[in-house]
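Take a look at the letters that make up each chain.
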Amino acid sequence: QVQLVESGGGLVQAGGSLRLSCAASGRTFSRYTIGWFRQAPGKEREFVAAISWSSIGTNYSDPLKGRFTISRDNALNTVYLQMNSLKPEDTAVYYCAATTSRFSRSARAYYDYWGHGTQVTVSS
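Residues numbered from 1 in each chain as written. Predicted model: local features only at pLDDT ≥ 70, side-chain atom pairs only at ≥ 80, totals over all residues. Heavy atoms only, no water.

## What to know about the overall build of the chain
Okay, step 1: When helices and strands are counted, the chain shows zero helices and eleven strands.
Okay, step 2: Listed by position from the N terminus, the elements making up the chain come as β-β-β-β-β-β-β-β-β-β-β.
Okay, step 3: For 124 residues, the compact-globule estimate of 2.2 N^0.38 gives 14 Å, and the chain sits close to it at 13 Å.
Okay, step 4: Partitioning the contacts of the chain with sequence separation of at least 6, the portion at a separation of at least 24 is 60%.
Okay, step 5: Each charge sign in the chain was given a centre, from 13 positive and 8 negative side chains, and these centres are 6 Å apart. (Helix = DSSP H or I, 4+ residues; strand = E, 2+ residues; numbered from the N terminus. Rg over C-alpha atoms; globule rule 2.2 N^0.38 Å. Contact = heavy atoms within 4.5 Å. Lys, Arg positive; Asp, Glu negative; His and termini not counted. Charge placed at Lys NZ, Arg CZ, Asp CG, Glu CD.)

## Let's talk about the nonpolar core
Okay, step 1: Membership of the largest hydrophobic core comes to 29 residues, with the highest contact counts inside it found for Ile34, Trp36, Leu81, Met83 and Tyr94.
Okay, step 2: Those elements that place two or more of their residues in this core are β3 (18-25), β4 (33-39), β5 (46-51), β7 (68-73), β8 (78-83), β9 (92-99) and β11 (118-123).
Okay, step 3: Ranked by size, the runner-up nonpolar core spans five residues in total, among them Phe37, Phe47, Ala50 and Ala97. (Core = buried A, V, L, I, M, F, W, Y, C linked by side-chain atoms within 4.5 Å. Buried < 20%, exposed > 50% of the residue type's maximum accessible area, 1.4 Å probe, protein only.)

## Comments concerning the packing of aromatic side chains
We describe a pair of aromatic rings using the distance from one ring centre to the other and the angle between the two ring planes.
Okay, step 1: One pass over the full model with this rule turns up five aromatic pairs.
Okay, step 2: For the pair Tyr32 and Tyr113, a centre-to-centre distance of 6.1 Å together with 80 degrees between the ring planes defines the contact as edge-to-face. Here Tyr32 is found in the loop between β3 and β4, whereas its partner Tyr113 is found in strand β10 (residues 113-114), with 81 residues between them in sequence.
Okay, step 3: The class for Tyr113 is partly exposed, based on a relative accessible area of 24%.
Okay, step 4: The interplanar angle of 80 degrees and the centroid separation of 5.2 Å between the aromatic rings of Phe37 and Tyr111 together place this pair among those described as edge-to-face. Taken as a pair, Phe37 in strand β4 and Tyr111 in the loop between β9 and β10 lie far apart in primary sequence, 74 residues in all.
Okay, step 5: For Phe37, a relative accessible area of 0% translates into the label buried.
Okay, step 6: Each residue in the set Phe37, Phe47, Tyr111 and Trp114 is aromatic and connected to the rest through ring pairs, giving one cluster.
Okay, step 7: The aromatic ring of Tyr95 is capped on one face by Arg45, whose charged end is 3.7 Å from the ring centroid. (Phe/Tyr/Trp six-rings, centres within 6.5 Å; stacked < 30°, edge-to-face > 60°. Lys NZ or Arg CZ within 6 Å of the ring centre and 35° of its normal.)

## Remarks on the pairing of β5
Okay, step 1: Taken across its six residues, β5 has five buried, putting it largely inside the fold.
Okay, step 2: Following β4, the chain reverses through six residues before pairing antiparallel with β5; Gly42 in that reversal takes a positive phi of roughly 75 degrees.
Okay, step 3: Summarising the sheet, β5 and strand β6 (residues 58-60) pair through three bridges and their orientation is antiparallel. Note that in β6 the partner of Ile51 across the bridge is Thr58.
Okay, step 4: Joining the antiparallel neighbours β5 and β6 is a turn of six residues, in which Ser55 adopts a positive phi near 70 degrees. (Pairing = 2+ DSSP bridges.)

So, in structure tokens, the structure goes:
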């Protein structure tokens, strides 16, 4: 099993940047593909980005390409989500999740372990 804890959320003005972190426990962290999802009030949880266990494969939600970057440091058991040029519509709770799939999956059903989320609020 793996336990995930997100951090780095907060309040930022439109156009600003934030870097979220997903810290994982467990010796086998490097074997998991990690994904980021977000959920805005009244909306379904949606895919943001994912990175495979080897970091070779990354996958992004098309509308977010170019503004968000996912990376990982297996030595630190941490995955990062760098978010630039933030917009008010990026406001949501951001969750990281883990799957044993080798591929950077976008579907929630593939992910077995979830963190509790971190709030990101972008003011206009």
